[in-house]
Every structure is written in C-alpha cells, then in structure tokens.
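Structural overview
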Amino acid sequence: MAPVTMPPVEEARDVFRRLGYSVDGDGVDLRAERKWRTVHVTALDADEASSPPELRADGGTTDYRLRCFVTWMEAAGDLRDRLAGLDPDYEWAVIGVDGDDYEVVDRAVGA
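Remember, predicted model here, so these are calculated numbers, not experimental data.

Moving on to the pairing of strand S3 (residues 37-43). Burial of S3 is extensive: 5 of the 7 residues sit out of reach of the surface. Between strand S2 (residues 29-34) and S3, which pair antiparallel one after the other, the connecting turn spans 2 residues, and Lys35 there sits at a positive phi close to 55°. Here S3 runs beside strand S4 (residues 66-72); their pairing, made up of 4 bridges, is parallel. Within S4, the position partnered with His40 by the bridge is Arg67.

What follows deals with a negative patch on the surface. Together, Asp14, Glu74, Asp98, Asp100 and Asp101 give the surface a local cluster of negative charge. Note on placement: Glu74 falls in helix H3 (residues 73-86).

Although it is not a glycine, Lys35 adopts a positive phi angle of roughly 55°. Taking relative accessible area as the criterion, Lys35 reaches 76% and is therefore assigned exposed.

This part is about the pairing of S4. Of all 7 residues that make up S4, 7 are buried, and the element is covered over most of its length. One ladder, built from 7 bridges, connects S4 with strand S5 (residues 91-98); its direction is parallel. Bridge pairing in S5 places Phe69 opposite Val94. Traced from S4 through H3 to S5, the parallel crossover comes out right-handed.

Turning our attention to the layout of surface pockets. Considering only enclosed or pocket space, the largest pocket measures out at about 390 Å³ in volume. Tyr21, Arg37, Val39, Ala93 and Arg107 are the residues nearest the centre of the largest pocket, which is lined by 18 residues in total. Going through the elements one at a time, S3, S4, S5 and strand S6 (101-108) are the ones with two or more residues in the lining of the largest pocket. Here the lining of the largest pocket is composed, by residue class, of 13 nonpolar, no polar and 5 charged.

Turning next to helix H1 (residues 9-18). Listed in full, the buried residues belonging to H1 are Val9, Glu11, Ala12, Arg13, Val15 and Phe16. Immediately downstream of H1, the backbone of Gly20 shows phi near 90°, a positive value.

About the thresholds
- Per chain, residues are indexed from 1 in the order of the written sequence.
- The model is predicted, so local features are restricted to residues of pLDDT at least 70 and side-chain atom pairs to those at 80 or more, both for listing and for counting; the totals for chains, interfaces and linings are taken over all residues.
- The basis for every side-chain value is the complete set of heavy atoms in the structure, and neither hydrogens nor water enter the calculation.
- Burial status follows relative accessibility: with a 1.4 Å probe on protein chains alone, a residue under 20% of its type maximum counts as buried, one over 50% as exposed, and anything between as partly exposed.
- For the purposes of this entry, the term helix denotes a DSSP run of H or I that reaches at least four residues, the term strand denotes a run of E that reaches at least two, and both are numbered from the N terminus.
- By this definition, two strands are paired if DSSP reports at least two bridges between them.
- Residues with no salt bridge and a relative accessible area higher than 30% make up the patches, which join like charges within 9 Å and nonpolar side chains (Val, Leu, Ile, Met, Phe, Trp, Tyr) within 5 Å.
- Note on areas: Shrake-Rupley with a 1.4 Å probe; residue coverage comes only from the protein chains shown.
- One speaks of a salt bridge when a side-chain nitrogen belonging to Lys or Arg is within 4 Å of a carboxyl oxygen belonging to Asp or Glu.
- Charge assignment: positive for Lys and Arg, negative for Asp and Glu; neither His nor the chain ends contribute.
- Working definition for charges: the position is that of NZ of Lys, CZ of Arg, CG of Asp or CD of Glu.
- Handedness is read with the strands pointing away from the viewer; a crossover is right-handed when the path from the first strand over the helix to the second is clockwise.
- Only protein atoms enter the 1 Å grid used here. Points where a 1.4 Å probe fits but cannot escape make up a cavity, open sets with protein on both sides within 12 Å along at least five of seven lines make up a pocket, and a residue lines them when an atom lies within 4 Å of a point.
- Grid points are joined across faces, edges and corners, and a volume is the space filled by probe spheres set on the points.
- Classification used: nonpolar for Ala, Val, Leu, Ile, Met, Phe, Trp, Tyr, Cys and Pro, charged for Asp, Glu, Lys and Arg, polar for all others including Gly.

Next comes the structure, spelled out in structure tokens:
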C-alpha cells in the first residue's frame, strides 16, 4: 500500500474502471464516464480528507453534479463527516480504499 500522505489516484482509477467507467485526467482530479453519467473524481490524501482545502461546496468552479471523493480507508469517515456538515448542492460519495479493497463510506443527494 502507498503511504497515506499520497493521494490514492491509481486506486481511484482502478475502482471506477472495475465499475465499468472510462477514466480520464491527470493529477488528483479525474473524470469518470459511463453511459449518460459523468462523475468528477477527486483523490485526497489522509490530511486533505481530514481538512480538505477545497470541496467546491459553495457551487464554485465545478460543472459536475456528481462528485466522488476517494481517500484512504482510515480517513474516509472524517471526509464523510466534513461533507455532511457542508451540505453541498451536488450529489456526492466517499470511497475509502485500502490496497485492492474499497468501500463506499457514504453518499448523499444534494438539494
């Protein structure tokens, strides 16, 4: 497993590919597409998940209505709590990864 100080970018790609999505993008922000659905995927390291610098919860710069945040399993609960407290206006999910394993920690439908 990679250190938790690195965002799980490759793990995020693998999760979405296993779910049948095509995945594009460089860095920590990816675009996953399948049929009519496009998901903005952001990989966050453990520190960013606990106190994310920007989640675009204010309707800012994202054009995507579906967001997924992927982080290490031990940080996924903190990220879920942070998102739930912000109540963003987009649909979101948090996926925790640990090696080849992953778990959808929570998801919410925005207003």
